[in-house]
Amino acid sequence: MAFRLTPHERGFYPLFTRAAENIVRAADDLALLIAAAPEDRGPLAERVKDAENAGDEVTHEILVKLNQTFVTPFDREDIYRLTSSLDDVVDAMEEAADRIVLYRLQELPPGMTTQVDVLRRAAAATAEAMPRLATMAELREYWVHVNSLEDEGDVAYRALLGDLLAPAEDAPALDVLTILKLKEVVEVLEEAADAFEHVANTVESIAVKES
């Protein structure tokens, strides 16, 4: 890690950790929602919404601190990018949960469970990595892992689109409106996976600059 002559504000690190731990909670509740019966999804969607609100609060705290801090632990632009990407993750999760309930979807395709499992693993990896920003130690394994998970999510995403838009002959018939609703949710879950990759890429950029 680069040697600094000027002390810098270290209060950002706990906030990044809080944001990542909140994402873990959102991902866990989203997984419960995906597995739940349609009539049980409403309260779980509210829990994901609560996590999204908590994420907004952490984002606000970070941006306020950024505006009030003269010497930051790393580039201001990178702090903003990291904060924004963490916020994008939980926003996408909340949007997916909301649409599942709002659209009154019934049975969800198995591939959606695969998508959310990828998100849960990326969330756990991110929560484990955020405290290590303080020392920049052992971060390469994190961004390589999350990029691998994003590739796995891409495979699940493409398979789901294929199943929805070009189903096998023996697949249950779905009406066009249901297909469109499911496609929207699948796309939002893919956005969450992409946001995790943006987090990892930002961490990589920070580590390279600070090395």
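Procedures and definitions
- Residues numbered from 1 in each chain as written.
- Predicted model: local features only at pLDDT ≥ 70, side-chain atom pairs only at ≥ 80, totals over all residues.
- Heavy atoms only, no water.
- Core = buried A, V, L, I, M, F, W, Y, C linked by side-chain atoms within 4.5 Å.
- Buried < 20%, exposed > 50% of the residue type's maximum accessible area, 1.4 Å probe, protein only.
- Helix = DSSP H or I, 4+ residues; strand = E, 2+ residues; numbered from the N terminus.
- Contact = heavy atoms within 4.5 Å.
- Salt bridge = Lys/Arg side-chain N within 4 Å of Asp/Glu carboxyl O.
- Lys, Arg positive; Asp, Glu negative; His and termini not counted.
- Phe/Tyr/Trp six-rings, centres within 6.5 Å; stacked < 30°, edge-to-face > 60°.
- Polar contact = N/O pair within 3.5 Å; in protein donor to acceptor, adjacent residues only side chain to side chain.
- Axes fitted to C-alpha atoms, helices over the stretch in contact; angles between N-to-C directions.
- Parallel < 35°, antiparallel > 145°, perpendicular 65-115°, else oblique.
- Left-handed = near helix turned anticlockwise from the far one by under 90°.
- Nonpolar A, V, L, I, M, F, W, Y, C, P; charged D, E, K, R; others polar.
- pLDDT = per-residue confidence, 0-100.

Draft legend 1. Structural context of the nonpolar core. Core analysis: the biggest nonpolar cluster contains 71 residues, and Phe16 and Met93 have the highest contact counts within it. Going through the elements one at a time, helix 1 (12-35), helix 2 (41-68), helix 3 (76-102), helix 4 (110-129), helix 5 (140-165) and helix 6 (176-210) are the ones with two or more residues in this core. Per-element tally for this core: the top contributor is helix 6, with 15 residues. When residues no more than four places from it in sequence are discounted, the contact partners of phenylalanine 16 are Ile62, Phe74, Ile79, Leu82, Thr83, Leu86, Met130 and Leu133.

Draft legend 2. Representation of the pattern of salt bridges within the structure. For the structure on display, the rule yields 13 salt bridges. We note a salt bridge from lysine 209 to aspartate 78, for which the minimum N-O separation is 2.9 Å. Remark: aspartate 78 occurs in helix 3 and lysine 209 occurs in helix 6; sequence separation between them is 131 residues.

Draft legend 3. Structural detail: the side chain of aspartate 154. Within the secondary structure, aspartate 154 is located in helix 5. With no salt bridge to any partner, buried aspartate 154 finds its closest opposite charge in arginine 158, at an N-O distance of 4.6 Å. In this structure aspartate 154 touches Glu190 and Asp194, once residues within four positions along its chain are discounted.

Draft legend 4. The arrangement of the packing of aromatic side chains in detail. On inspection of all chains with the given rule, the structure shows 2 aromatic pairs. Summarising the aromatic geometry, the rings of phenylalanine 16 and phenylalanine 74 are spaced 6.2 Å apart at their centres and angled 15° between planes, so their arrangement reads as stacked. Placement of phenylalanine 16 in helix 1 and of phenylalanine 74 in the loop between helix 2 and helix 3 is noted, with a sequence separation of 58 residues between them. Both residues of the pair, phenylalanine 16 and phenylalanine 74, count as buried. Chaining the aromatic ring pairs together yields one cluster made of Phe12, Phe16 and Phe74.

Draft legend 5. Inspection of the side chain of glutamine 115 at higher detail. Take glutamine 115: it is sitting in helix 4. A polar atom in the side chain of glutamine 115 sits 3.1 Å from the backbone oxygen of valine 186. Setting aside anything within four residues of it in sequence, one finds glutamine 115 in contact with Ala156, Tyr157, Leu160, Val186, Leu189 and Glu190.

Draft legend 6. Inspection of the environment of aspartate 28 at higher detail. Tracing the backbone through its elements, the reader meets aspartate 28 in helix 1. A residue is classified by how much of its surface remains accessible, and aspartate 28, at 29% relative accessible area, is partly exposed. When the C-alpha atoms of aspartate 28 and aspartate 117 are compared, they prove to be 9.1 Å apart, with 89 residues separating the residues in sequence.

Draft legend 7. Examining the packing of helix 3 against helix 6 more closely. The contact between helix 3 and helix 6 brings their axes to 8 Å, and the two run at 165°. When the axis of helix 3 is compared with that of helix 6, the two are roughly antiparallel. Considering only the axes of helix 3 and helix 6, their crossing is left-handed. Taken together, the residues of the contact of helix 3 with helix 6 sort by class into 16 nonpolar, 4 polar and 8 charged.

Draft legend 8. Fine view of the packing of helix 4 against helix 5. In contact at an axis separation of 9 Å, helix 4 and helix 5 are set at 170° when each is read in the N-to-C sense. For the element pair helix 4 / helix 5, the angle class is roughly antiparallel. Where helix 4 crosses over helix 5, the two elements pack in a sense that is left-handed. Packed against helix 4, whose contacting residues are Gly111, Met112, Thr114, Gln115, Val118, Arg121, Ala122, Ala125, Thr126 and Ala129, the element helix 5 presents Tyr142, His145, Val146, Leu149, Glu152, Gly153, Ala156, Tyr157 and Leu160 at the interface.

Draft legend 9. Representation of the confidence of the model for the protein within the structure. Predicted confidence across the protein gives a mean pLDDT of 91, with 94% of residues reaching 70 or more. Long-range and interchain partners of residues 1-7, a stretch whose pLDDT sits below 50, account for 12 contacts in this model, where long-range means more than four residues apart.

Draft legend 10. Focus on the environment of tyrosine 142. Among the secondary structure elements, tyrosine 142 is positioned in helix 5. On the basis of relative accessibility, which here comes to 3%, the residue tyrosine 142 falls in the buried class. Those residues in contact with tyrosine 142 that lie beyond four places of it in its chain are Ala125, Thr126, Ala129, Arg132, Phe196, Val199, Ala200 and Val203. A distance of 3.2 Å separates a polar atom in the side chain of tyrosine 142 from a polar atom in the side chain of threonine 126.

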